[in-house]
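Observations on the model geometry
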Amino acid sequence: MSSLQKHPQSCPLCAGKQIGLHRWFDVDALKADWQKGFGFEPFSRLGIEGVAHQFRCFDCDLRFFDPATTLAGDGEFYNELSSRFSWYYEKDKWEFDVAAEILAGLDGIKRVLEVGCGQGHFLVRIKNRYDVKGLEFNPQAIADCRAIGLDVTSEAMATLGEGSFDVVSAFEVLEHLPAPREFIEQSLRLLRPGGYLLFAVPDPEGYFTEAEKVLLDMPPHHVMGFSKKAFKSMQALFSLKLEQVHQEPLRFAHYRSYLGNFLAPPPPPRKPSFLDRVLYRLFGYQKERDVELKRLGERVTEMQMATTFQSAKDKLVGQTHLVLLQKQ
Ligand SMILES: [Zn+2]
């Protein structure tokens, strides 16, 4: 990939030709950010270099990095992320609660498929009420799901029977896929007429759009962005009707990291004063004292953030939104 990126010919969702350059990121800078933030950088191994360009379709409002196939992470990348960070497969997600509630309000739901089910946290939650199946690529996650009795396989969607599900759900999956149109077509094929698609994705108009760089919202992690307008556009592109849209409220942890983008980095360690040296000679606790001071500083900052959080909730949009679409 070169920095002289060719403008994409058409939108990967609606095939429209009206496409604008939205944002771009220097890959060398991203490498350094990843190394600092996550202790590794995936770009070199994946052969991603130069500049990563994000485009926006003026017809359907899809935001997409291009070429998405080159920029999307592979199985090894996701193994690395999930094995390094236990938070990667969160057990309690806002969208799981909302999705379970939506399902409970729909009539005639028996078979539910979840694509990209991870460790099966959502399926476990609903398995007593529905006949559930999960698809997943991560071998360790599949093993974890099977160990708790879930029907989870690495089969491709194309191998499953036409019209065999009442609901096809995918949480935090669409934004990772280089070919969104094909994914939605496959999902529709698996649904019986009148069945439902349940998708949760990061809202490209959420709080993090204000932050310059959110590393996990760009390649090789996310390659697509779906706004509410993009989901509305799907009604004209597929035989679908947008039935429900839900927005996650701003979370405190997200507000804290959002503010972190604007806060100055901590000052460099200062030169020990005469008093520090005397205390160190006598008691040797200089380091512990510094740690204590840092903790105190963090607690104060945290308290200040908590006081502004309530008003921020009215102004900043949360991270995730969830849609329910019905097959016509
Ligand atoms: Zn489009």
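Relevant structure appears above.
Every chain's residues receive numbers from 1 upward, in the order its sequence appears when written. Only residues with pLDDT of at least 70 get local features here, since the model is predicted, and only at 80 or more are side-chain atom pairs given and counted; chain-wide, interface and lining totals rely on the full set of residues.

Under the scheme used here, helices are H or I runs from DSSP no shorter than 4 residues and strands are E runs no shorter than 2 residues, and both carry numbers assigned from the N terminus. Counting its regular elements, the chain contains 12 helices and 11 strands. A principal-axis box enclosing the C-alpha atoms of the chain has dimensions of 80 × 50 × 40 Å. Exposure classification rests on a simple neighbour count of other C-beta atoms within 10 Å of a residue's own: a residue reaching 20 or more is buried, one at 12 or fewer is exposed, and one in between is partly exposed. C-beta atoms are placed from the backbone. Looking at the chain residue by residue over its 328 residues, the buried ones come to 32%. A separation of at least 24 residues holds for 74% of the contacts in the chain among residues at least 6 apart in sequence. Here the contact rule is simple: place C-beta atoms from the backbone, and any two residues whose C-beta atoms are within 7 Å are in contact.

Our next topic: the sheet that holds strand S2 (residues 51-57). Pairing between two strands requires that DSSP report at least two bridges joining them. The strand order S1-S2-S3-S9 describes an open sheet built from 4 strands, whose pairing is antiparallel. Across the chains shown, the open sheet's two edge strands, defined by having one partner strand only, are strand S1 (19-26) and strand S9 (224-225). Here S2 runs beside strand S3 (residues 63-66); their pairing, made up of 4 bridges, is antiparallel. Looking at S3, one finds that phenylalanine 55 is bridged to phenylalanine 64. Every axis corresponds to a line fitted to the C-alpha atoms, with the helix fit spanning only the stretch in contact, and the corresponding angles, defined between N-to-C directions, vary from 0 to 180 degrees. Strand contacts of helix H1 (residues 27-38): S1 and S2, with the helix running at about 50° to S1, the strand carrying the most contacts.

What follows concerns unusual backbone geometry. A cis amide bond links aspartate 66 to the next residue, proline 67, at an omega of 0°. Assignment of secondary structure puts proline 67 in the loop between S3 and helix H3 (68-71). Omega for the peptide link from proline 219 to proline 220 comes to 0°, which places this bond in the cis form. By secondary structure assignment, the location of proline 220 is in the loop between strand S8 (191-202) and S9. Phi angles above zero are rare outside glycine, and aspartate 61 is one such case at about 75°. Summarising the element assignment, aspartate 61 is placed in the loop between S2 and S3. Positive phi, normally seen in glycine, also occurs at glutamate 172, with a value near 60°. In this fold, glutamate 172 is placed in the loop between strand S7 (165-171) and helix H8 (180-190).

A two-sided burial pattern is seen for S3, the buried positions comprising Arg63 and Phe65 on one face and Phe64 and Asp66 on the other. If you look at the hairpin formed by S2 and S3, you'll find 5 residues sitting between the two strands, and aspartate 61 has a positive phi there, around 75°. As judged from the 2 bridges shared by S3 and S9, these two strands associate in the antiparallel manner. Note that in S9 the partner of arginine 63 across the bridge is glycine 225.

Counting residues in each nonpolar core, the largest one holds 62 residues, and the members touching the most others are Leu62, Ala99, Val167, Val168, Leu174, Leu198 and Phe199. Sort the elements by how many residues they give to this core and S8 lands first, with 7 residues. Among all residues touching valine 168, those that are not within four sequence positions of it are Leu113, Val115, Ser187, Leu190, Leu191 and Leu197. For this analysis, nonpolar core means a set of buried Ala, Val, Leu, Ile, Met, Phe, Trp, Tyr and Cys residues linked through C-beta atoms within 7 Å.

Next up on the list: the sheet that holds S7. Reading across from one edge, S6-S5-S4-S7-S8-S11-S10 is the order of the 7 strands in this open sheet, with mixed pairing throughout. Each having just a single partner strand, strand S6 (152-153) and strand S10 (240-247) make up the two edges of the open sheet. Where strand S4 (residues 111-115) meets strand S5 (residues 131-135), 5 bridges bridge the pair, whose relative direction is parallel. Residue pairing in the sheet places valine 112 in a bridge with valine 132 of S5. Against the sheet, helix H5 (residues 94-104) touches S7, S8, S10 and strand S11 (320-327), its axis set at about 30° to S11.

Attention shifts here to the environment of asparagine 138. Relative to the helices and strands, asparagine 138 resides in the loop between S5 and helix H7 (139-147). Linking asparagine 138 and tyrosine 78, residues 60 residues apart in sequence, is a C-alpha distance of 7.7 Å. Leaving out residues up to four positions away in the same chain, asparagine 138 has contacts with Tyr78, Asn79 and Ser82.

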